[in-house]
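Understanding the architecture of this molecule
Now for the letters of each chain:
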Amino acid sequence: MQIRTLFLLGAGIISLNLQAETQNEGIQDTTKMSEVVVTGSREATDIRHLPMTVNTIGREKLTANDRTSVLPTIMEEVPGVIVTSRGMMGYGVSTGGSGSINVRGLASGTAQMLVLIDGHPQYQGIFGHGIADSYQTMIADRVEVLRGPASLLYGSNAMGGVVNIVTRSLPPVAGSKFSQHTTINAGAGSYGTVQVEGSNQLRIGRFTSTAAAQYQRSDNHRPNMGFEQYGGFLSLGYQLSDHWDAKAMADITHFNASNPGTVTAPMFDNDQRITRGSANLVVENHYDKTSGAISIYNNYGNHHIDDGYKLGAKPTADYFRSRDAVAGVSLYQSVQATKSTRITAGFDYQHIYGHAWYQDKVTGATNLAGQRKMQSTRDHADEVAGYADVRQEITKYVTLNAGLRYDYHTTSGGEWVPQAGLVVRPIETGEFKFMFSKGFRNPTNKEKYLYKTANEALRPESMLNYEISWRQRLLDGRLTYGINLFYIDGRNMIVSLVPMTPFVNSGEFRNKGVEVEAAWKVNDHWRLSTNHSYLHMSKPFVGAPDYKGYIGVDCVYGKFTASAGFQQLVGLYTQAVNPKTYEPDVIKEDAVSLLHITLGYRVCRQLKLWAKGENLLAQKYEINDGYPMPKATFMGGVTLDF
């Protein structure tokens with residue numbers, strides 16, 4: 001608890017992250033870049049004029065610790081965010097899976113937090129949750145995290161917020177200028193862990209491309225917990241004219257994961273072979289007083305799962321198979337109607353498809369006995385929505401935001417989504433933000449149509465969020481800090497009150513809390529940052545701690561770089577109810593203190609050596625109940641640039 005006190009007292013001091021660029025001997029100043037975001041308003045907007053809270057994590061930070069996934073960095077850099085985990089590498093799916101992104105007690109694992117790629121929804125069409133192993137660093141230029149409901153712009157599943165992965169691309173330039181850059185990163189370490197990633201960026205005048213591929217594998221720290229993954233990414237861009245751009249993107253990942261079960265009830269042959277992919281085509285326009293875009297997208301998957309068996313039981317006779325897709329069309333246009341008025345209007349259409357069946361392991365035929373577990377053969381739904389958002393500069397000190405969305409789902413009906421906010425700038429370097437927003441989530445195909453718990457009469461979950469915040473920039477923007485206070489009122493939550501009985505809309509919750517963050521670029525060599533969050537919940541949620549804090553230090557001196565981060569979790573709930581009786585059975589960690597250090601040395605412009613250690617205090621802890629995390633782990637590798 002002494003460490004927790006130090007965290008609270010040190011909330012104005014920081015996180016050290018060191019990254020050396022090929023042509024840079026110091027820490028880059030990204031303060032001005034981080035002011036502009038796209039997640040809170042669709043168009044690129046100065047965050048100082050938006051009432052919501054958005055954190056931006058640039059590629060420099062995402063790659064600083066040579067991680068293949070963006071999720072660990074998000075957990076460290078954004079207050080109030082927890083990502084569940086079970087091993088050194090790989091999150092997996094199904095029972096025993098992890099990778100759920102929890103924000104203020106709401107989680108992507110229960111479809112209450114939405115992950116986007118370039119503003120397009122990414123989730124499994126049957127179960128409604130994201131697939132964590134798809135969120136690779138190789139595709140990301142930056143990640144924007146909006147805490148609080150984002151349903152006005154993004155509809156269902158964004159009731160708790162969104163994580164928007166903005167993919168890598170190069171801006172076009174006039175003429176026939178040519179440039180290219182290739183990076184290869186390879187590393188190996190504890191438990192047979194190996195990771196290799198390569199990318200190339202090319203620009204020829206108006207044409208740009210980014211291509212990347214990766215391979216990684218690990219035995220992890222427990223038997224029957226192996227993980228292996230292959231992935232690829234391609235982005236193509238072309239400047240059609242001075243006012244029109246086109247961009248096409250596709251990525252695909254395949255992974256093989258094994259679930260060893262809990263330490264008290266180990267599993268055998270609980271294996272998963274998962275393929276996930278996404279693609280989109282976007283055409284954008286940019287004029288002096290108006291800008292907008294139209295896009296088509298598709299997020300799809302093929303899942304092949306062996307449910308495995310426990311000690312003394314017989315192996316299963318069939319596989320659980322599923323195919324799904326979330327495809328749609330999105331368009332919006334933003335207009336500067338007057339000098340002080342900005343109006344954005346948009347339309348979304350989404351087709352949600354998911355088909356599940358049981359397949360005999362020997363014959364490959366559909367297992368009719370297993371198929372009878374399904375309560376319905378319905379496999380698709382459609383969602384149509386329209387929205388409008390108005391940003392009004394009342395004076396140079398005050399901005400008013402208000403918006404409304406109507407969302408119609410073919411099986412859940414219609415939903416009105418209001419949002420309003422006020423930004424007051426009493427001084428040039430700081431602003432108060434006041435925010436009211438509604439979030440909602442439509443029931444998933446699984447909740448309405450599969451197994452004995454299905455209930456076709458389920459209504460959408462919803463919540464109201466009230467938030468006040470203050471942000472300020474000092475020392476010419478080199479020092480920034482902020483504080484958020486929020487209150488959440490959730491209702492119609494989908495729960496099963498008695499084991500294996502149908503879901504009902506009877507759950508309610510009240511969450512409230514405070515979040516503090518600060519960052520200080522001391523000079524060209526040192527950068528400090530910190531964030532802290534305290535959450536009070538009316539009822540416990542798995543993966544949500546009472547307190548989370550992070551402090552780090554980044555330093556660059558000549559050819560040497562270093563990154564250190566210290567994170568603490570207090571009162572982390574790993575179980576909220578007994579999975580057999582559904583009675584309250586709270587299990588939580590008292591305090592977990594995690595330390596990581598990454599060191600780098602730039603041998604020459606083309607070669608960098610790196611080494612890192614995670615959980616260097618060798619803490620014994622769990623994020624998923626029954627799945628102890630590894631103690632200290634180490635990796636080392638090389639990065640080539642040419």
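All figures in this text were calculated on a predicted structure; none of them were measured in a lab.

Description of the pairing of strand β17 (residues 271–286)
Bridging between strand β15 (residues 244–258) and β17 involves 15 bridges; their strand directions are antiparallel. Residue M249 lies in a different strand from β17, and its bridge partner there is N280. Relative to strand β18 (residues 290–305), β17 runs antiparallel, the two being bridged by 15 bridges. Bridge pairing links T275 to N302 in β18. Linking β17 to β18, which pair antiparallel, is a turn of 3 residues.

Examining the packing of aromatic side chains
Applying the stated criterion to the full structure yields 13 aromatic pairs. Judged by centre distance (4.7 Å) and plane angle (50°), the rings of Y406 and W416 are tilted. In this pair, Y406 is assigned in strand β23 (residues 398–409) and W416 in strand β24 (residues 413–427), connecting sequence segments 10 residues apart. Classification of Y406 as partly exposed rests on a relative accessible area of 34%. Under the relative-accessibility criterion, W416 is labelled exposed at 52%. One aromatic cluster is present, built from ring pairs that chain together F127, F320 and Y358. Sitting over the ring of F486, R104 keeps its end group 4.2 Å from the ring centre. The ring of Y319 carries K361 above its face, with NZ or CZ at 5.3 Å from the centroid.

Focus: the sheet that holds strand β5 (residues 101–103)
The strand order across the open sheet built from 3 strands is β4-β5-β6, with neighbouring strands paired in antiparallel fashion. Of all strands in the sheet, those bounded by a partner on one side alone are β4 (81–83) and β6 (106–107). Of the pairings in the sheet, the one linking β4 to β5 comprises 3 bridges and is antiparallel in character. Across the sheet, V81 pairs through a bridge with V103, a residue of β5.

As for the pairing of β24
In this sheet, β24 lies alongside β23 in antiparallel orientation, the contact comprising 12 bridges. When the sheet's bridge partners are listed, H409 is paired in β24 with G413. Connecting the antiparallel pair β23 and β24 is a turn made up of 3 residues. Strand direction decides the pairing type here: β24 and strand β25 (residues 430–441), joined by 7 bridges, are antiparallel. In the sheet register, L422 faces β25, and the bridge partner there is F434. With antiparallel pairing between neighbouring strands as the criterion, β24 and β25 make up a hairpin whose turn holds 2 residues.

Here's the deal with the sheet that holds strand β3 (residues 53–58)
Strand order in the open sheet formed by 5 strands is β3-β9-β10-β7-β8, with mixed pairing between adjacent strands. The strands lining the two open edges of the sheet, one partner per strand, are β3 and β8 (120–121). Relative to β8, strand β7 (residues 114–117) runs antiparallel, the two sharing 2 bridges. Its bridge partner lying in β8, I117 is registered against H120.

Analysis parameters
- Residues numbered from 1 in each chain as written.
- Predicted model: local features only at pLDDT ≥ 70, side-chain atom pairs only at ≥ 80, totals over all residues.
- Heavy atoms only, no water.
- Pairing = 2+ DSSP bridges.
- Helix = DSSP H or I, 4+ residues; strand = E, 2+ residues; numbered from the N terminus.
- Phe/Tyr/Trp six-rings, centres within 6.5 Å; stacked < 30°, edge-to-face > 60°.
- Buried < 20%, exposed > 50% of the residue type's maximum accessible area, 1.4 Å probe, protein only.
- Lys NZ or Arg CZ within 6 Å of the ring centre and 35° of its normal.

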